[in-house]
Amino acid sequence: MVICGVKTQTESYTVICNYKQINFKLVRRAGQRNLRLRVDSQGEVVVSAPYEVSFFCIKEFVEKNADWIEKQKSKAVQRTWTTGQTLLLNGITVILHISAGKTCVFQNGNVLYVTVRNPEDAQAVRKAVCVYYCNEILAFAEKRVPYWCGLLGIEVPEILTGHARTRWGVCNIRDRKITFSAMTACLDDSLKDLVVFHEVCHLLCRGHQDDFHNLMQTYMPDVKEREKRLRIFNRSGATENLF
C-alpha cells in the first residue's frame, strides 16, 4: 500500500547470506512494477521495489543475487579515481592524471587530465569527470540529432544529459526531449550515432515494433552490425559503476 502523499520511500536494511553481511538501501516507488537491483559507483547496494512487494520477497531477491552483488562491489572498489586509473572515452582507453588546482578536465591523446582542489577527494574527481563526459556526449548529440531529424523531416527535440546507469538514452515523446547518459561518451562515434539515431526514431515510433526497426534499417543499413557491437560492449562490463 502506498503511504498517502508519498511516492518514494527509502530505508536501509541488512541480510545475512552464506555467512556474509549484505547491507542495502531499499527504495520503494509508486508505480514501479518490478524488483530492480544495482550497485552504485561506491559499492552501495540499492534495491528498487513496488510498495506491494513484501520484505520477505525482497530479502529472497537480494539473497538470490548475492554472488552478483559481491562481483559488482569488487568492481566498484577498483574505481579509486586516482592517477593511473584507466577509463574508456570516445572508444579509446584513457589514463587519469590528477593534480591540485581549480576544477578543470581536458583530454590530450590517451591521457585525461583532471584538476580538482583536493586530488585525494575521489568524489570530487568522479564528479568532474562525469561533467566532462556529459559535455562530450552533449557536443556529439547536438550535431547528430539535428542531422537525423533533418533526414526524417521532423523537428529537433530538446537535448539533455543525465546519469542513467542502465540506459544509453531515453526519449520523452510527449515533451519532445531526448536525454543521453554520461556513460554514452565511452562509446566510439559509430556506436554513439547508433544510440542517437535510436532515440530520434522513437520520436516517430513509440515502441520497438516492425515500423521502428524498418525505419532504422532504411537510414542506417549497418544497424544490425552496430547493435551487435553494442551488445558485446555491454557484456564487457566496461561501464559498470562508472558514475
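The structure under discussion appears in the preceding block.
Rules used in this analysis
- Residues numbered from 1 in each chain as written.
- Predicted model: local features only at pLDDT ≥ 70, side-chain atom pairs only at ≥ 80, totals over all residues.
- Heavy atoms only, no water.
- Helix = DSSP H or I, 4+ residues; strand = E, 2+ residues; numbered from the N terminus.
- Buried < 20%, exposed > 50% of the residue type's maximum accessible area, 1.4 Å probe, protein only.
- Contact = heavy atoms within 4.5 Å.
- Areas by Shrake-Rupley, 256 points an atom, 1.4 Å probe, with all protein chains shown as cover.
- Lys, Arg positive; Asp, Glu negative; His and termini not counted.
- Charge placed at Lys NZ, Arg CZ, Asp CG, Glu CD.
- Patch = residues over 30% accessible without salt bridge, like charges linked within 9 Å, V, L, I, M, F, W, Y side chains within 5 Å.
- Salt bridge = Lys/Arg side-chain N within 4 Å of Asp/Glu carboxyl O.
- Pairing = 2+ DSSP bridges.
- Axes fitted to C-alpha atoms, helices over the stretch in contact; angles between N-to-C directions.

A. Just the overall build of the protein, in detail. Per the secondary structure count, the protein includes six helices and eleven strands. Here the C-alpha coordinates of the protein stretch approximately 55 × 50 × 35 Å along the principal axes. Within the span of the protein, comprising 243 residues, buried residues form 41% of the whole. Long-range contacts, defined here as pairs at least 24 residues apart, represent 44% of the contacts in the protein between residues at least 6 apart. When the accessible surface of the protein is totalled, it reaches about 13,700 Å², and 50% of it is carbon and sulfur. Between the centroid of the 33 positive side chains of the protein and the centroid of its 25 negative side chains there is a distance of 2 Å.

B. Molecular detail of a positive patch on the surface. Together, Lys224, Lys228, Arg231 and Arg235 make up a region of like positive charge exposed at the surface. Within the element layout of this structure, Lys228 appears in helix α6 (residues 223-236).

C. Region of interest: the sheet that holds strand β7 (residues 104-108). Pairing is mixed in the open sheet, where four strands are placed in the order β5-β6-β8-β7. Only two strands of the sheet have a single partner each, and these edge strands are β5 (86-89) and β7. Strand after strand, the sheet turns through a mean of 35° between neighbouring axes, direction not considered. Pairing of β5 with strand β6 (residues 92-100) involves four bridges; the strand directions are antiparallel. Within β6, the position partnered with Thr86 by the bridge is Ile95. Each of β5, β6, β7 and β8 (111-116) is contacted by helix α3 (residues 122-152), which is oriented at about 125° to β8, the strand it contacts most.

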